[in-house]
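Fold and contact review
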Amino acid sequence: MAVSTCIKCGNHTFEMVEVSPQESKFKLNFIQCVSCGGVVGVQDFYNIGNFVKNIADKLGIS
Ligand SMILES: [Zn+2]
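First, a word on scope: everything that follows refers to the structure included in this document. (Residues numbered from 1 in each chain as written. Predicted model: local features only at pLDDT ≥ 70, side-chain atom pairs only at ≥ 80, totals over all residues. Heavy atoms only, no water.)

Details of the pattern of salt bridges
The condition that has to hold: Salt bridge, as used here: a side-chain nitrogen of Lys or Arg that lies within 4 Å of a carboxyl oxygen of Asp or Glu. Categorising residues by exposure relies on relative accessible area from a 1.4 Å probe, with only protein chains included: less than 20% of the type maximum marks a residue as buried, more than 50% marks it as exposed, and the intermediate range marks it as partly exposed.
Summed over the entire model, instances satisfying the criterion amount to 2 salt bridges. Of the charged contacts, one joins E18 and K27 as a salt bridge, the two residues approaching to 3.5 Å between their closest N and O atoms. The class for E18 is partly exposed, based on a relative accessible area of 48%. For K27, a relative accessible area of 35% gives the class partly exposed.

Topic: the side chain of Q32
Let me state the cut-off plainly: Each helix is a run of DSSP H or I of at least 4 residues and each strand a run of E of at least 2, with the numbering of both proceeding from the N terminus. Only heavy atoms matter for contacts: two residues are in contact if any of them lie within 4.5 Å across the pair.
By the element assignment, Q32 lies in strand β2 (residues 28-33). The exposure class assigned to Q32 is buried, which follows from its relative accessible area of 15%. With near-sequence residues (within four places) excluded, Q32 lies in contact with T13, F14, E15, V17, G37, G38, V39 and V40.

What about the packing of aromatic side chains?
Worth spelling out the cut-off: Classification of ring pairs uses Phe, Tyr and Trp, with its six-membered ring standing for Trp, and accepts pairs whose centres are within 6.5 Å; under 30 degrees between planes counts as stacked, over 60 as edge-to-face, and the remaining range as tilted.
Evaluated as defined, the whole model comprises 1 aromatic pair. Relative to Y46, the ring of F45 has its centre 5.0 Å away and its plane inclined at 85°; by these criteria the two rings are edge-to-face. You can call Y46 exposed: its relative accessible area is 57%.

Quick word on unusual backbone geometry
Here E23, not a glycine, exhibits a phi torsion of approximately 65°, which is positive. Along the chain, the position of E23 falls in the loop between β1 (14-19) and β2. Judged by its relative accessible area of 82%, E23 is exposed.

Concerning the coordination of the zinc ion
Going by this rule: Here a donor is an N, O or S atom found within 2.8 Å of the metal, or within 3.2 Å if the metal is Na, K or Ca; sites may look incomplete because water is not among the atoms. A site with four donors is called tetrahedral when every donor-metal-donor angle falls between 85 and 135 degrees; four donors are called square planar, and six octahedral, when opposite donors sit more than 155 degrees apart and all other angles fall between 65 and 115; any other arrangement is irregular.
On the protein side, the zinc ion has C6 (SG), C9 (SG), C33 (SG) and C36 (SG) as donor atoms, found 2.3 to 2.4 Å from it. Coordination at the zinc ion is tetrahedral, judged from the 4 donor atoms that bind it and the angles of 103 to 115° they form at the metal. Taken in sequence order, the residues that donate to the zinc ion follow the motif C-x2-C-x23-C-x2-C. Judged by its relative accessible area of 38%, C9 is partly exposed.

Have a look at this one:
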């Protein structure tokens, strides 16, 4: 299996960081290199799958 690599510095370790970008109404989670901070991915702050499951549980349909 290939090893994920930061395209900026070549590091192989990443972290998720909560960010509130300027002019945005929503918080986001950036996946970034732990060495240089280069952003390699962005996710919604809320985990949509978990959010939907919680609603389904409350509705008794899960
Ligand atoms: Zn890097």
